[in-house]
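# Tertiary structure, described
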Amino acid sequence: MPGLLRGVARTAVIAGTATSVSNRVSRRQARRWSQQDQYGAGPPAYDEPPPPPPPAAPAADPIQQLKDLAALKEQGILTDAEFAVEKAKILNG
């Protein structure tokens, strides 16, 4: 019978130690999560989809761009060479 009592006592000590460690880990984790909540939203939940990407900028109208370039050339802001370079950029894409 002493062997049986010793085995039961050892099991009780091991179970008590495991419970104590588990509780300590749970409290520490809860503290960390509460600190994260104070500083921000924390990590996203796994069941939430990622936010959609921002919409793409609307494509610039090449005709309007060429008109704007022509106006800058007529005002003397662009030289013929600068106008040709910018025009080629618009037309080639």
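Residues numbered from 1 in each chain as written. Predicted model: local features only at pLDDT ≥ 70, side-chain atom pairs only at ≥ 80, totals over all residues. Heavy atoms only, no water.

### So, the overall build of the protein chain
Spelled out, the test is: Each helix is a run of H or I in the DSSP string that is no shorter than four residues. Each strand is a run of E no shorter than two, and both are numbered from the N terminus. Only protein chains enter the accessibility calculation, which uses a 1.4 Å probe. A residue is then buried if its area is under 20% of the maximum for its type, exposed if over 50%, and partly exposed in between. Computed with a 1.4 Å probe, the accessible areas rest on the Shrake-Rupley method; for each residue, only the protein chains presented here act as cover.
Counting its regular elements, the protein chain contains three helices and zero strands. Counting from the amino terminus, helix and strand elements in the protein chain follow one another as α-α-α. Counting every position in the protein chain, which comprises 93 residues, the buried fraction comes to 4%. Carbon together with sulfur atoms contributes 61% to the accessible area of the protein chain, which is approximately 8,300 Å² in total.

### Overview of the pattern of salt bridges
Test applied: Salt bridges are defined as contacts in which a side-chain nitrogen from Lys or Arg sits within 4 Å of a carboxyl oxygen from Asp or Glu.
Counted under the stated rule, the structure contains two salt bridges. Of the charged contacts, one joins aspartate 80 and lysine 73 as a salt bridge, the two residues approaching to 3.4 Å between their closest N and O atoms. Of the charged contacts in the structure, one is a salt bridge between glutamate 86 and lysine 89, with a shortest N-O distance of 3.4 Å. Residue glutamate 86 and its partner lysine 89 are both found in helix H3 (residues 80-92); the two are separated by three residues, about one turn of the helix. Glutamate 86 gets classed as partly exposed once you look at its relative accessible area, which sits at 31%.

### Here we look at a positive patch on the surface
The following threshold applies: The patch calculation keeps residues exceeding 30% relative accessible area without a salt bridge and links them within 9 Å when they carry like charges or within 5 Å when they are nonpolar (Val, Leu, Ile, Met, Phe, Trp, Tyr). In this tally, Lys and Arg are treated as positive and Asp and Glu as negative; His is ignored, and so are the chain termini. Charge coordinates come from a single atom per side chain, which is NZ of Lys, CZ of Arg, CG of Asp or CD of Glu.
Among the surface-exposed residues, Arg24, Arg27, Arg28, Arg31 and Arg32 lie close enough to one another that they form a single positively charged patch. Along the chain, the position of arginine 28 falls in helix H1 (residues 2-39).

### Focus: helix H2 (residues 62-74)
This is how it is decided: In this scheme, a helix's expected span is set at 1.5 Å multiplied by one less than its residue total.
Over its 13 residues, H2 extends 18 Å from the first C-alpha to the last, a length consistent with the 18 Å expected when each residue adds 1.5 Å. After H2 finishes, the residue glycine 76 shows a positive phi value of roughly 85 degrees.

### Considerations on the packing of H2 against H3
Formally: Axis lines are fitted through C-alpha atoms, for helices just across the contact stretch, and the angle between N-to-C directions can take any value from 0 to 180 degrees. In this scheme, roughly parallel covers angles under 35 degrees and roughly antiparallel covers those over 145, while 65 to 115 is roughly perpendicular and the rest are oblique. Note on contacts: a residue pair qualifies if any of its non-hydrogen atoms lie within 4.5 Å across the two residues. In the scheme used here, Gly and all other residues not listed as nonpolar or charged are polar, with Ala, Val, Leu, Ile, Met, Phe, Trp, Tyr, Cys and Pro taken as nonpolar and Asp, Glu, Lys and Arg as charged.
Viewed as axis vectors pointing N to C, H2 and H3 meet at an angle of 175 degrees, and their least axial separation amounts to 10 Å. Between H2 and H3, the angle is such that the two are roughly antiparallel. Within the contact between the two elements, H2 uses Pro62, Gln65, Leu66, Leu69, Ala70 and Lys73 and H3 uses Asp80, Phe83, Glu86, Lys87, Ile90 and Leu91. Residue composition of the contact of H2 with H3, by class: seven nonpolar, one polar and four charged.

### Looking at the packing of aromatic side chains
To be explicit about the condition: Paired rings are identified among Phe, Tyr and Trp, the last through its six-membered ring, by centres lying within 6.5 Å, and are further divided according to the angle between planes into stacked (under 30 degrees), edge-to-face (over 60) and tilted (the rest). A ring is scored as having a charge over it whenever the NZ atom of a lysine or the CZ atom of an arginine sits within 6 Å of its centre and within 35 degrees of its normal.
What the rule picks out here adds up to zero aromatic pairs. The ring of phenylalanine 83 carries lysine 73 above its face, with NZ or CZ at 5.0 Å from the centroid.

### Digging into the confidence of the model for the protein chain
Quick reminder of the rule: pLDDT measures how confident the predictor is about each residue, on a scale from 0 to 100.
Mean pLDDT over the protein chain stands at 79; residues scoring 70 or higher make up 75%. When mean pLDDT is taken per element in the protein chain, H3 scores highest with 91 and H1 scores lowest with 73.

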